[in-house]
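Listed below, chain by chain, are the residues.
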Amino acid sequence: MKPEKNSISLSDDEAKWAAVVARDCAADDRFWYAVSTTGVYCRPSCPARRAKREHVRFYDSREQAELAGFRPCRRCRPEQPKLAQRYARMVTQACRLIETAQGTPNLAVLAQAAGVSRYHFHRLFKTIAGVTPKAYASAYRENRMREILAQSNSVTDAIYDAGFNSSGRFYATYGPMLGMPPADFRCGGVSALIRFAVGECSLGAILVAATALGVCAIFLGDDADRLVRDLQDRFPQAELKGGESDFEQIVARAVGLVEHPALGLDLPLDIQGTVFQHRVWQALRQIPSGRTVSYAEIAERIGMPKSARAIAGACAANPIAVAIPCHRVVRSDGALSGYRWGVERKRILLGREEEL
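Residues numbered from 1 in each chain as written. Predicted model: local features only at pLDDT ≥ 70, side-chain atom pairs only at ≥ 80, totals over all residues. Heavy atoms only, no water.

Undergrad: Would you mind showing me how to read helix α1 (residues 13-21) here?
TA: Because each turn of an α-helix spans 3.6 residues, side chains separated by three or four positions in sequence point in the same direction. Those residues of α1 that fall on the buried side of the exposure criterion are Lys16, Trp17, Ala19 and Val20. End-on, the buried residues of α1 take up no more than an arc of 155 degrees, which puts them together on one face. Taken together, the buried residues of α1 touch β1 (32-35) and β3 (56-59). If you check the start of α1, you find a side-chain oxygen 3.1 Å away from the backbone N of Glu14, and it comes from Asp12. Once α1 finishes, Arg23 follows within two positions and takes phi at roughly 50 degrees, a positive value. (Buried < 20%, exposed > 50% of the residue type's maximum accessible area, 1.4 Å probe, protein only. Helix = DSSP H or I, 4+ residues; strand = E, 2+ residues; numbered from the N terminus. Arc of directions from axis to C-beta. Contact = heavy atoms within 4.5 Å. Polar contact = N/O pair within 3.5 Å; in protein donor to acceptor, adjacent residues only side chain to side chain.)

What follows is the structure, given as structure tokens:
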């Protein structure tokens with residue numbers, strides 16, 4: 001297990017100097033160093049040319065360094081939050097701007113609000129959020145549309161309330177977005193067709209369901225009837241159709257995925273969830289077979305380092321077992337933690353991946 005940042009010992013000046021020589025990011029915000037010949041103070045990770053040891057002094061806080069007469073370095077900006085934190089804050093503010101704007105702000109408007117170039121903003125947003133600004137805006141409107149349709153008295157009102165500038169633009173895209181006509185979706189999926197079948201695998205019962213767009217559910221459990229009830233609860237107004245012989249082939253492929261999870265599932269998925277859940281599930285699909293990551297690591301990857309608890313919630317809400325591999329997420333200490341389909345199934349899946 002990797003040591004925590006705070007486990008690094010910086011009990012004396014020589015240890016601190018070693019951190020400066022290594023430009024150790026883990027030491028940032030634990031102490032600051034100042035250079036008497038330049039009159040500036042820096043973070044340990046500062047990329048500026050390293051000063052001689054005899055010219056360096058160490059301080060436990062920025063305030064101490066400034067009281068001693070030193071000014072902030074212009075390279076590492078020690079008086080400001082760390083660069084990664086500033087970028088994460090910038091992207092968060094851009095997300096709020098997208099969510100509260102009338103219509104969808106274009107890239108130039110978002111970059112100007114962030115105070116950076118369009119190219120730089122686009123690259124940072126995609127790195128931190130995992131999607132482009134346009135994709136985030138589209139996903140947010142889609143999720144908003146789902147929420148509003150369920151409550152609105154009118155499809156037209158819901159279209160404009162969700163941020164679409166015209167009904168024509170919405171109807172050009174609603175099929176891929178909802179998987180059914182909006183009026184049907186507003187009524188809880190009434191008349192939407194979901195095909196499903198239940199089978200057996202080495203982990204017990206397995207239920208696979210799909211819309212016209214792709215697989216929307218893979219459930220695992222001990223009771224086949226309970227899995228069917230869970231599907232009915234998830235799509236209360238949809239038309240569920242089971243027992244089709246040709247659909248059994250899809251179930252067989254899902255069973256093959258359970259028996260050999262490293263092979264993956266070469267079927268399209270119809271993933272329905274919130275914007276946040278989509279970001280988490282996309283990050284899960286990028287975890288290689290045979291590897292595990294912690295909830296905190298996933299939080300870092302999506303640019304939300306303090307959201308480990310919410311990450312766990314998104315994993316628990318994942319309706320597509322194994323194909324969206326939430327079984328590869330563990331606690332920071334390596335413990336398996338919970339799993340929607342049972343911790344023992346999680347242990348078995350991970351064991352199968354380790355064997356390959």
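Undergrad: Explain the packing of aromatic side chains to me, please; I cannot follow it from the model alone.
TA: Aromatic rings in a pair are described by how distant their centres are and how their planes are angled relative to each other. Under the counting rule described, the total for this entry stands at four aromatic pairs. Considering the side-chain rings of Tyr59 and Phe70, the 6.1 Å spacing of their centres and the 55 degrees angle between planes classify their relative orientation as tilted. Note that Tyr59 is positioned in strand β3 and Phe70 in the loop between α2 (62-67) and β4 (71-72), a separation of eleven residues in sequence. Phe70 matches Tyr59 in its accessibility class, with the two residues each being buried. (Phe/Tyr/Trp six-rings, centres within 6.5 Å; stacked < 30°, edge-to-face > 60°.)

Undergrad: Could you clarify how one ought to interpret the environment of Lys241 in this entry?
TA: Relative to the assigned elements, Lys241 resides in strand β8 (residues 239-242). Spatially, the C-alpha atoms of Lys241 and Leu193 are 7.1 Å apart, while their sequence positions differ by 48 residues.

Undergrad: What am I meant to see in the environment of Gly264 here?
TA: Along the chain, Gly264 falls in the loop between α12 (248-259) and α13 (275-284). Sequence-wise, Gly264 and Ile324 are 60 residues apart; in three dimensions their C-alpha atoms are separated by 9.4 Å.

Undergrad: Before we go on, may I ask you to explain the side chain of Arg43 in this structure?
TA: Relative to the elements of secondary structure, Arg43 occurs in the loop between β2 (40-42) and β3. We classify Arg43 as buried; its relative accessible area is 4%. Polar contacts involving the side chain of Arg43 include one to the main-chain carbonyl oxygen of Arg77, which spans 3.1 Å.

Undergrad: So what exactly am I meant to see when it comes to the nonpolar core here?
TA: Burial of nonpolar side chains together is a common tendency in soluble globular proteins. By size, the foremost hydrophobic cluster in this structure holds 57 residues, and its most contacted members are Ile206, Val208, Ile218, Leu220, Leu284 and Ile298. Of all the elements in the fold, those that place two or more residues in this core are β5 (193-201), β6 (204-210), β7 (215-221), α11 (224-234), α12, α13, α14 (295-301) and α15 (308-316). Sequence-distant contacts of Ile218, defined by excluding residues within four places in its chain, comprise Ile206, Leu207, Val208, Ala254, Leu265, Pro319, Ile320, Ala321, Ala323 and Trp341. Counting residues in each nonpolar core, the second largest holds 16 residues, with Val20, Val40, Ala48 and Cys76 among its members. (Core = buried A, V, L, I, M, F, W, Y, C linked by side-chain atoms within 4.5 Å.)

Honestly, it's all geometry; don't read function into it.
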